[in-house]
Amino acid sequence: MDQGNYSRVAEFVLSGLSSSWELQYFFFVLFNFLYITTVLGNLLIVLTVISDPVLHTPMYIKLTNLSVLDVFLATYATPKMIHDFLHESKTISFEGYMAQIFWLHVFAGGEMVLLVAMAYDRYVAIRKPLQYTTIMNLCRCTGLVVGSWVTGIMHSPGQLASTINLPFCGPNIVDSYYCDLTLVIKLACTDTCVPEVLMLLDSGLMGVTSFLLLLISYTVILITVQHHSSVGIAKACSILTAHITVVTLFFGPCIFIYAWPFSSFPVDKVLSVFSTVFTPILNPIIYTLRNKEVKSAMHKLKTRYVSSRLLSQLSLTR
Ligand SMILES: *[C@@H]1O[C@H](CO)[C@@H](O)[C@H](O)[C@H]1NC(C)=O
(Lines give C-alpha, C1' and ligand atoms only; values in the text may rest on other atoms or scores of the structure.)
Protein backbone atom coordinates (compact mmCIF):
# COMPACT_ATOMS: atom_id res chain seq x y z
CA MET A 1 0.00 0.00 0.00
CA ASP A 2 1.28 3.46 -0.87
CA GLN A 3 1.97 5.20 2.44
CA GLY A 4 1.21 8.69 1.20
CA ASN A 5 -2.14 7.76 -0.28
CA TYR A 6 -4.52 6.44 2.33
CA SER A 7 -6.95 7.95 4.79
CA ARG A 8 -6.00 7.06 8.33
CA VAL A 9 -8.74 5.71 10.58
CA ALA A 10 -10.01 8.42 12.93
CA GLU A 11 -10.97 6.08 15.73
CA PHE A 12 -10.75 2.52 16.93
CA VAL A 13 -13.65 0.38 18.08
CA LEU A 14 -13.01 -1.83 21.09
CA SER A 15 -15.00 -5.02 21.17
CA GLY A 16 -14.97 -5.17 24.99
CA LEU A 17 -14.62 -8.03 27.43
CA SER A 18 -17.98 -9.64 26.75
CA SER A 19 -21.05 -9.13 24.63
CA SER A 20 -23.57 -10.19 27.25
CA TRP A 21 -25.27 -7.28 29.03
CA GLU A 22 -25.60 -9.10 32.34
CA LEU A 23 -21.87 -9.79 32.35
CA GLN A 24 -21.12 -6.20 31.42
CA TYR A 25 -23.13 -4.96 34.42
CA PHE A 26 -21.30 -7.44 36.59
CA PHE A 27 -17.92 -6.23 35.28
CA PHE A 28 -19.01 -2.63 35.77
CA VAL A 29 -19.65 -3.21 39.46
CA LEU A 30 -16.61 -5.45 39.95
CA PHE A 31 -14.12 -3.16 38.22
CA ASN A 32 -15.53 -0.08 39.91
CA PHE A 33 -15.00 -1.73 43.25
CA LEU A 34 -11.47 -2.86 42.33
CA TYR A 35 -10.55 0.54 40.96
CA ILE A 36 -11.77 2.52 43.97
CA THR A 37 -10.10 0.07 46.37
CA THR A 38 -6.84 0.30 44.44
CA VAL A 39 -6.72 4.08 44.51
CA LEU A 40 -7.79 4.41 48.15
CA GLY A 41 -5.50 1.60 49.34
CA ASN A 42 -2.45 3.01 47.62
CA LEU A 43 -3.15 6.58 48.71
CA LEU A 44 -3.59 5.37 52.27
CA ILE A 45 -0.13 3.80 52.11
CA VAL A 46 1.46 6.99 50.80
CA LEU A 47 -0.27 9.03 53.51
CA THR A 48 0.74 6.58 56.25
CA VAL A 49 4.38 6.48 55.23
CA ILE A 50 4.65 10.24 54.81
CA SER A 51 3.05 10.87 58.20
CA ASP A 52 5.39 8.59 60.16
CA PRO A 53 9.12 9.49 60.27
CA VAL A 54 9.92 5.93 61.43
CA LEU A 55 9.00 4.81 57.91
CA HIS A 56 11.25 7.28 56.10
CA THR A 57 13.62 4.50 55.04
CA PRO A 58 14.88 3.33 51.62
CA MET A 59 12.44 0.41 51.53
CA TYR A 60 9.42 2.61 52.17
CA ILE A 61 10.54 5.29 49.73
CA LYS A 62 10.41 2.54 47.10
CA LEU A 63 7.10 1.21 48.39
CA THR A 64 5.38 4.59 48.24
CA ASN A 65 6.73 5.17 44.76
CA LEU A 66 5.31 1.77 43.82
CA SER A 67 1.98 2.89 45.25
CA VAL A 68 2.08 6.08 43.18
CA LEU A 69 2.91 4.05 40.07
CA ASP A 70 0.06 1.67 40.90
CA VAL A 71 -2.41 4.54 41.11
CA PHE A 72 -1.28 5.76 37.70
CA LEU A 73 -1.29 2.26 36.23
CA ALA A 74 -4.83 1.78 37.48
CA THR A 75 -5.99 5.20 36.32
CA TYR A 76 -4.67 5.78 32.81
CA ALA A 77 -7.16 3.39 31.18
CA THR A 78 -9.45 1.62 33.65
CA PRO A 79 -12.00 4.46 34.15
CA LYS A 80 -12.58 4.55 30.39
CA MET A 81 -12.97 0.77 30.39
CA ILE A 82 -15.47 0.95 33.27
CA HIS A 83 -17.37 3.68 31.44
CA ASP A 84 -17.43 1.51 28.32
CA PHE A 85 -19.07 -1.42 30.10
CA LEU A 86 -22.32 0.51 30.15
CA HIS A 87 -22.07 1.84 26.61
CA GLU A 88 -22.97 0.09 23.42
CA SER A 89 -20.34 1.79 21.27
CA LYS A 90 -16.87 1.50 22.69
CA THR A 91 -14.82 3.82 20.53
CA ILE A 92 -11.59 5.68 21.16
CA SER A 93 -9.91 8.26 18.97
CA PHE A 94 -6.66 7.39 17.21
CA GLU A 95 -4.80 9.89 19.41
CA GLY A 96 -6.50 8.55 22.54
CA TYR A 97 -5.46 5.03 21.66
CA MET A 98 -1.84 6.05 21.10
CA ALA A 99 -1.85 8.04 24.34
CA GLN A 100 -3.02 4.96 26.26
CA ILE A 101 -0.23 2.87 24.74
CA PHE A 102 2.25 5.55 25.72
CA TRP A 103 1.13 5.69 29.36
CA LEU A 104 0.85 1.91 29.62
CA HIS A 105 4.50 1.58 28.68
CA VAL A 106 5.64 4.42 30.93
CA PHE A 107 3.92 3.04 34.03
CA ALA A 108 4.35 -0.68 33.40
CA GLY A 109 8.01 -0.16 32.43
CA GLY A 110 8.63 1.92 35.56
CA GLU A 111 6.87 -0.65 37.70
CA MET A 112 8.98 -3.50 36.34
CA VAL A 113 12.25 -1.76 37.17
CA LEU A 114 10.98 -0.65 40.57
CA LEU A 115 9.95 -4.21 41.47
CA VAL A 116 13.47 -5.34 40.60
CA ALA A 117 14.90 -2.50 42.71
CA MET A 118 12.75 -3.60 45.64
CA ALA A 119 13.84 -7.21 45.32
CA TYR A 120 17.45 -5.96 45.25
CA ASP A 121 16.76 -3.96 48.41
CA ARG A 122 15.50 -7.10 50.22
CA TYR A 123 18.41 -9.08 48.79
CA VAL A 124 20.93 -6.66 50.31
CA ALA A 125 19.00 -6.51 53.59
CA ILE A 126 19.07 -10.29 53.97
CA ARG A 127 22.44 -11.14 52.45
CA LYS A 128 24.42 -8.24 53.95
CA PRO A 129 22.38 -6.96 56.91
CA LEU A 130 25.37 -5.16 58.49
CA GLN A 131 26.26 -3.20 55.37
CA TYR A 132 22.63 -2.55 54.38
CA THR A 133 22.56 1.11 55.43
CA THR A 134 25.84 1.83 53.64
CA ILE A 135 24.91 0.01 50.45
CA MET A 136 21.32 1.25 50.31
CA ASN A 137 22.13 4.86 51.21
CA LEU A 138 19.81 7.71 50.35
CA CYS A 139 21.71 8.53 47.17
CA ARG A 140 21.59 4.99 45.79
CA CYS A 141 17.95 4.59 46.82
CA THR A 142 16.96 7.82 45.08
CA GLY A 143 18.98 6.69 42.07
CA LEU A 144 17.07 3.41 41.88
CA VAL A 145 13.69 5.11 42.18
CA VAL A 146 14.46 7.89 39.72
CA GLY A 147 16.06 5.29 37.47
CA SER A 148 12.86 3.28 37.27
CA TRP A 149 10.75 6.33 36.40
CA VAL A 150 13.28 7.39 33.79
CA THR A 151 13.42 3.88 32.30
CA GLY A 152 9.64 3.91 31.87
CA ILE A 153 9.66 7.37 30.33
CA MET A 154 12.53 6.54 27.97
CA HIS A 155 11.23 3.12 26.98
CA SER A 156 7.79 4.28 25.94
CA PRO A 157 8.44 6.77 23.10
CA GLY A 158 10.51 4.20 21.24
CA GLN A 159 7.66 1.72 21.36
CA LEU A 160 5.17 4.30 20.23
CA ALA A 161 7.36 5.67 17.45
CA SER A 162 7.45 2.32 15.69
CA THR A 163 3.64 2.20 15.64
CA ILE A 164 2.27 5.69 15.29
CA ASN A 165 3.49 6.14 11.71
CA LEU A 166 2.16 2.83 10.41
CA PRO A 167 -0.61 3.18 7.85
CA PHE A 168 -3.93 2.41 9.56
CA CYS A 169 -6.46 2.40 6.77
CA GLY A 170 -9.01 0.07 8.35
CA PRO A 171 -10.43 -2.21 9.63
CA ASN A 172 -10.44 -0.50 13.00
CA ILE A 173 -11.98 -3.08 15.31
CA VAL A 174 -9.69 -4.10 18.17
CA ASP A 175 -10.68 -7.30 19.93
CA SER A 176 -9.95 -6.07 23.43
CA TYR A 177 -11.31 -3.80 26.14
CA TYR A 178 -8.20 -1.70 26.49
CA CYS A 179 -5.60 -0.25 24.17
CA ASP A 180 -2.49 -2.21 23.56
CA LEU A 181 0.26 -2.28 21.05
CA THR A 182 0.22 -5.91 19.94
CA LEU A 183 -3.40 -5.79 18.87
CA VAL A 184 -3.27 -2.54 16.99
CA ILE A 185 -0.08 -3.36 15.07
CA LYS A 186 -1.95 -6.21 13.41
CA LEU A 187 -4.46 -3.71 11.99
CA ALA A 188 -1.87 -1.77 10.04
CA CYS A 189 -2.25 -2.30 6.31
CA THR A 190 1.40 -3.00 5.66
CA ASP A 191 3.99 -5.59 6.54
CA THR A 192 4.41 -5.29 10.30
CA CYS A 193 7.42 -7.52 10.72
CA VAL A 194 9.84 -4.73 11.69
CA PRO A 195 7.63 -3.10 14.35
CA GLU A 196 6.84 -6.53 15.78
CA VAL A 197 10.50 -7.45 16.06
CA LEU A 198 11.23 -4.05 17.66
CA MET A 199 8.44 -4.69 20.14
CA LEU A 200 9.85 -8.09 20.98
CA LEU A 201 13.34 -6.65 21.49
CA ASP A 202 12.12 -3.73 23.56
CA SER A 203 9.14 -4.68 25.72
CA GLY A 204 9.59 -8.44 25.47
CA LEU A 205 13.24 -8.37 26.44
CA MET A 206 12.64 -5.86 29.22
CA GLY A 207 9.89 -8.05 30.69
CA VAL A 208 11.87 -11.28 30.49
CA THR A 209 15.04 -9.69 31.94
CA SER A 210 13.24 -8.11 34.88
CA PHE A 211 11.36 -11.31 35.58
CA LEU A 212 14.56 -13.40 35.58
CA LEU A 213 16.32 -10.90 37.87
CA LEU A 214 13.39 -11.08 40.27
CA LEU A 215 13.34 -14.86 40.28
CA ILE A 216 17.10 -15.00 40.90
CA SER A 217 16.99 -12.56 43.81
CA TYR A 218 14.01 -14.34 45.37
CA THR A 219 15.77 -17.69 45.05
CA VAL A 220 18.90 -16.34 46.72
CA ILE A 221 16.79 -14.80 49.49
CA LEU A 222 14.98 -18.09 50.04
CA ILE A 223 18.23 -20.07 50.23
CA THR A 224 19.74 -17.55 52.65
CA VAL A 225 16.69 -17.62 54.89
CA GLN A 226 16.77 -21.40 55.02
CA HIS A 227 20.30 -21.29 56.39
CA HIS A 228 19.24 -19.03 59.24
CA SER A 229 16.39 -20.99 60.74
CA SER A 230 15.91 -18.37 63.49
CA VAL A 231 14.20 -16.07 60.98
CA GLY A 232 11.27 -18.45 60.71
CA ILE A 233 11.31 -20.35 57.46
CA ALA A 234 7.56 -20.79 57.33
CA LYS A 235 6.91 -17.06 57.63
CA ALA A 236 9.62 -16.14 55.13
CA CYS A 237 8.29 -18.70 52.69
CA SER A 238 4.75 -17.38 52.95
CA ILE A 239 5.96 -13.81 52.34
CA LEU A 240 8.09 -14.86 49.39
CA THR A 241 5.29 -16.97 47.93
CA ALA A 242 3.05 -13.91 48.05
CA HIS A 243 5.69 -11.80 46.30
CA ILE A 244 6.31 -14.40 43.64
CA THR A 245 2.56 -14.70 43.03
CA VAL A 246 2.19 -10.97 42.42
CA VAL A 247 5.26 -10.82 40.28
CA THR A 248 4.05 -13.74 38.19
CA LEU A 249 0.60 -12.20 37.81
CA PHE A 250 2.19 -9.00 36.57
CA PHE A 251 4.97 -10.38 34.41
CA GLY A 252 3.27 -13.54 33.16
CA PRO A 253 0.76 -11.71 30.95
CA CYS A 254 3.36 -9.13 29.81
CA ILE A 255 5.76 -11.84 28.74
CA PHE A 256 3.01 -13.93 27.22
CA ILE A 257 1.68 -11.02 25.19
CA TYR A 258 4.97 -9.40 24.21
CA ALA A 259 7.42 -12.24 23.93
CA TRP A 260 5.13 -14.22 21.56
CA PRO A 261 3.76 -11.39 19.47
CA PHE A 262 3.52 -13.30 16.25
CA SER A 263 0.45 -15.29 17.03
CA SER A 264 -2.61 -14.02 18.77
CA PHE A 265 -4.19 -16.11 21.48
CA PRO A 266 -7.72 -15.50 22.67
CA VAL A 267 -6.46 -15.63 26.26
CA ASP A 268 -4.38 -12.47 25.70
CA LYS A 269 -7.46 -10.43 26.35
CA VAL A 270 -8.24 -11.99 29.71
CA LEU A 271 -4.62 -12.20 30.80
CA SER A 272 -4.02 -8.49 30.39
CA VAL A 273 -6.61 -7.80 33.10
CA PHE A 274 -4.08 -9.14 35.56
CA SER A 275 -1.34 -6.66 34.74
CA THR A 276 -3.52 -3.58 34.61
CA VAL A 277 -6.18 -4.29 37.21
CA PHE A 278 -5.05 -6.89 39.72
CA THR A 279 -1.39 -6.00 40.25
CA PRO A 280 -2.09 -2.42 41.41
CA ILE A 281 -4.51 -3.74 44.02
CA LEU A 282 -2.36 -6.67 45.16
CA ASN A 283 0.83 -4.68 45.66
CA PRO A 284 -0.39 -2.69 48.67
CA ILE A 285 -1.93 -5.81 50.20
CA ILE A 286 1.17 -7.92 49.84
CA TYR A 287 4.02 -5.48 50.28
CA THR A 288 2.63 -3.20 52.90
CA LEU A 289 -0.63 -3.94 54.65
CA ARG A 290 0.61 -7.20 56.15
CA ASN A 291 3.62 -5.43 57.54
CA LYS A 292 3.82 -4.77 61.29
CA GLU A 293 5.54 -1.37 60.98
CA VAL A 294 2.90 -0.12 58.60
CA LYS A 295 0.06 -1.40 60.75
CA SER A 296 1.41 0.46 63.76
CA ALA A 297 1.92 3.62 61.69
CA MET A 298 -1.70 3.40 60.51
CA HIS A 299 -2.82 2.97 64.07
CA LYS A 300 -0.88 6.10 65.06
CA LEU A 301 -2.39 7.99 62.13
CA LYS A 302 -5.88 6.97 63.19
CA THR A 303 -5.23 7.89 66.81
CA ARG A 304 -3.90 11.26 65.76
CA TYR A 305 -6.90 11.90 63.52
CA VAL A 306 -9.39 10.88 66.19
CA SER A 307 -7.68 12.91 68.90
CA SER A 308 -7.48 16.01 66.72
CA ARG A 309 -11.18 15.67 65.98
CA LEU A 310 -11.93 15.27 69.66
CA LEU A 311 -9.86 18.36 70.43
CA SER A 312 -11.64 20.44 67.84
CA GLN A 313 -15.01 19.29 69.10
CA LEU A 314 -13.91 20.11 72.60
CA SER A 315 -12.97 23.63 71.58
CA LEU A 316 -16.34 23.99 69.83
CA THR A 317 -18.27 23.06 72.94
CA ARG A 318 -16.35 25.44 75.14
C1 LIG B 1 9.66 8.56 45.54
O2 LIG B 1 11.05 8.53 45.51
C3 LIG B 1 11.67 9.79 45.62
C4 LIG B 1 13.14 9.63 45.37
O5 LIG B 1 13.73 8.70 46.21
C6 LIG B 1 11.35 10.38 46.99
O7 LIG B 1 11.99 11.61 47.16
C8 LIG B 1 9.85 10.51 47.10
O9 LIG B 1 9.51 10.94 48.42
C10 LIG B 1 9.15 9.20 46.82
N11 LIG B 1 7.73 9.45 46.67
C12 LIG B 1 6.86 9.15 47.61
C13 LIG B 1 5.43 9.44 47.32
O14 LIG B 1 7.21 8.65 48.64
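Residues numbered from 1 in each chain as written. Predicted model: local features only at pLDDT ≥ 70, side-chain atom pairs only at ≥ 80, totals over all residues. Heavy atoms only, no water.

Digging into the sheet that holds strand β3 (residues 173-174)
Taken in spatial order, the 3 strands line up as β2-β1-β3 in an open sheet, and their pairing is mixed. Unpaired on one side and paired on the other, β2 (91-93) and β3 mark the two borders of the sheet. Inspection of the sheet shows strand β1 (residues 11-14) paired to β2 by 3 bridges, in the antiparallel sense. Residue pairing for β2: Glu11 is matched across the bridge by Ser93. Together, β1, β2 and β3 form the strand contacts of helix α4 (residues 94-127), whose direction differs from that of β2 by roughly 85°. (Pairing = 2+ DSSP bridges. Helix = DSSP H or I, 4+ residues; strand = E, 2+ residues; numbered from the N terminus. Contact = heavy atoms within 4.5 Å. Axes fitted to C-alpha atoms, helices over the stretch in contact; angles between N-to-C directions.)

Some points on the UniProt feature "transmembrane region" (unreviewed entry) in the protein
Under the present numbering, the feature "transmembrane region" (unreviewed entry) in UniProt falls on residues 25-47, 97-120, 205-225, 237-258 and 270-289. Secondary structure across residues 25-47 divides into 100% helix and 0% strand, with the first and last C-alpha atoms of the span separated by 33 Å. Between the first and last C-alpha atoms of residues 205-225 the distance is 30 Å; the span itself is 100% helix and 0% strand. (UniProt positions renumbered as here; feature names shortened; annotations may be inferred.)

Thoughts on the site of the ligand
Every residue close to the ligand is listed here: Ile61, Thr64, Asn65, Val68, Thr142 and Val145. In the model, an oxygen atom of the ligand is placed 2.5 Å from a nitrogen or oxygen of the Thr64 side chain. Protein contact buries 62% of the 360 Å² of open area that the ligand shows by itself. Where the shell around the ligand is concerned, the elements lending two or more residues are α2 (58-75) and α6 (138-164). Of all the elements, α2 adds the most residues to the shell around the ligand, at 4 residues. Residue classes in the shell around the ligand are distributed as 3 nonpolar, 3 polar and no charged. (Near = heavy atom within 4 Å. Polar contact = N/O pair within 3.5 Å; in protein donor to acceptor, adjacent residues only side chain to side chain. Areas by Shrake-Rupley, 256 points an atom, 1.4 Å probe, with all protein chains shown as cover. Nonpolar A, V, L, I, M, F, W, Y, C, P; charged D, E, K, R; others polar.)

Some details on a nonpolar patch on the surface
Side chains of Trp21, Tyr25 and Leu86 sit close together on the surface and give an oily, nonpolar patch of about 290 Å² of accessible area. Relative to the helices and strands, Trp21 is located in helix α1 (residues 21-51). Residue Trp21 is classed as partly exposed on the basis of its relative accessible area of 33%. (Patch = residues over 30% accessible without salt bridge, like charges linked within 9 Å, V, L, I, M, F, W, Y side chains within 5 Å. Salt bridge = Lys/Arg side-chain N within 4 Å of Asp/Glu carboxyl O. Buried < 20%, exposed > 50% of the residue type's maximum accessible area, 1.4 Å probe, protein only.)

Notes on the packing of α4 against α6
Contact geometry for α4 and α6: axes closest at 7 Å, N-to-C directions at 145°. For the crossing formed where α4 meets α6, the hand is right-handed. (Left-handed = near helix turned anticlockwise from the far one by under 90°.)

Remarks on the environment of Met112
Looking at the element boundaries, Met112 is found in helix α4. For the pair Met112 and Val247, spaced 135 residues apart in the sequence, the C-alpha separation amounts to 9.1 Å. If we ignore the near neighbours within four places in the chain, the residues touching Met112 are Met206, Gly207, Ser210, Phe250, Phe251 and Cys254.

Side note on helix α8 (residues 193-227)
Residues three or four positions apart in an α-helix share a direction because the helix packs 3.6 residues into each turn. The end-to-end C-alpha distance of α8 is 49 Å, a good match for the 51 Å that 35 residues give at a rise of 1.5 Å each. The largest bend in α8 amounts to roughly 30° and is located at Gly204. (Expected span 1.5 Å × (residues − 1). Bend = angle between axes of the 7 residues up to and from the residue.)

Notes on the nonpolar core
Grouped together as the largest cluster of nonpolar side chains are 84 residues, with contacts concentrated most on Phe12, Phe31, Tyr97, Phe168, Phe251 and Tyr287. Sort the elements by how many residues they give to this core and α4 lands first, with 16 residues. (Core = buried A, V, L, I, M, F, W, Y, C linked by side-chain atoms within 4.5 Å.)

Some remarks on helix α3 (residues 78-85)
For α3, the full list of buried residues reads Thr78, Met81, Ile82, Asp84 and Phe85. Taken around the axis of α3, the buried residues stretch over an arc of 160°, which confines them to a single face. (Arc of directions from axis to C-beta.)

Description of the state of the cysteines
Per the stated rule, a full pass over the model turns up 1 disulfide. Each disulfide pairs two cysteine sulfurs, and for Cys169 the partner residue is Cys189, the sulfurs being separated by 1.7 Å. Highlighted residues: Cys169 in the loop between α6 and β3 and Cys189 in the loop between α7 (181-185) and α8, separated in sequence by 20 residues. Classification of Cys189 by relative accessible area gives partly exposed; the value is 21%. Residue Cys139 stays outside any disulfide, its sulfur separated by 9.7 Å from that of Cys141, the closest cysteine. (Disulfide = S-S within 2.5 Å.)

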